[in-house]
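Listed below are the residues making up each chain.
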Amino acid sequence: MKEYRPLILRSNRFLGSTLVNKNLIKVEDLENANQKLLEIVQADNLKGASLLNILFFNLRTVEESAVINSVLDEHHLGLIDLANYDLSNTAPADVDVDLCWATWTVPFDRVDKFTFLATAYYLSQPSIKAWEDKIQGPIIWYVSSLSSISNAIQILEERAAQAVKKLT
């Protein structure tokens, strides 16, 4: 996970700037959230390093629905709750779970050459670029809540752990 530390920092910084530019948060809110984010990163809690998590649930400076609605309105993406998917059957087997945590993004299906990705970080260009660089072929993007993404990544972690157990 530490290999993604620079990506985590870049993604969250970019996301914060975007939220300020869209008038979803104030500069003071961003400064407070960035301070808390740095504390989390310095404590090596990289899975918990999410600016959105801090803004939504810790500082309560913006509603998650406001950010999601902004993405939906501006980018015309679909909205998805990954709880409706059996990720053990639909998600690619070779998912990089650490990259999922670093970008708050989950590949949840693949049909023909298309990969379906759900993300809470669509407003973070470094997060989007990381997946575009990794995925070969076209991507269909969806927006999802932090809890949906978090739960999905935990399912993928459990699947990976079970695969390791089967090998031993």
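Refer to the preceding data block for the structure.
Computed from a predicted model, the values in this text were never measured in an experiment.

Engineer: How should the sheet that holds strand β3 (residues 114-119) be read in this particular structure?
Structural biologist: Paired through their backbone hydrogen bonds, the strands of a sheet run either parallel or antiparallel. With respect to topology, 4 strands assemble into an open sheet ordered β1-β4-β3-β2, the strand pairing being mixed. This sheet does not close on itself; its edge strands, each paired only once, are β1 (78-79) and β2 (105-111). With 6 bridges joining them, β2 and β3 adopt antiparallel strand pairing. When the bridges of β3 are listed, aspartate 109 appears paired with phenylalanine 116. Of the strands in this sheet, β2, β3 and β4 (139-143) are in contact with helix α7 (residues 125-134), which crosses β4 at around 150°.

Engineer: When you look at the packing of aromatic side chains in this model, what are you seeing that I'm missing?
Structural biologist: Here the distance between the centres and the angle between the planes together describe a pair of aromatic rings. Taken as a whole, this structure holds 7 aromatic pairs when the rule is applied. Note on phenylalanine 56 and phenylalanine 57: the rings are 5.9 Å apart at their centroids and 85° apart in plane angle, and the pair reads as edge-to-face. For phenylalanine 56, a relative accessible area of 6% puts it in the buried group. Take phenylalanine 57: its relative accessible area is 45%, and that puts it in the partly exposed class. In this structure an aromatic cluster arises from ring pairing among Tyr85, Phe108, Phe116 and Tyr142.

Parameters at a glance
Residues numbered from 1 in each chain as written. Predicted model: local features only at pLDDT ≥ 70, side-chain atom pairs only at ≥ 80, totals over all residues. Heavy atoms only, no water. Pairing = 2+ DSSP bridges. Helix = DSSP H or I, 4+ residues; strand = E, 2+ residues; numbered from the N terminus. Contact = heavy atoms within 4.5 Å. Axes fitted to C-alpha atoms, helices over the stretch in contact; angles between N-to-C directions. Phe/Tyr/Trp six-rings, centres within 6.5 Å; stacked < 30°, edge-to-face > 60°. Buried < 20%, exposed > 50% of the residue type's maximum accessible area, 1.4 Å probe, protein only.

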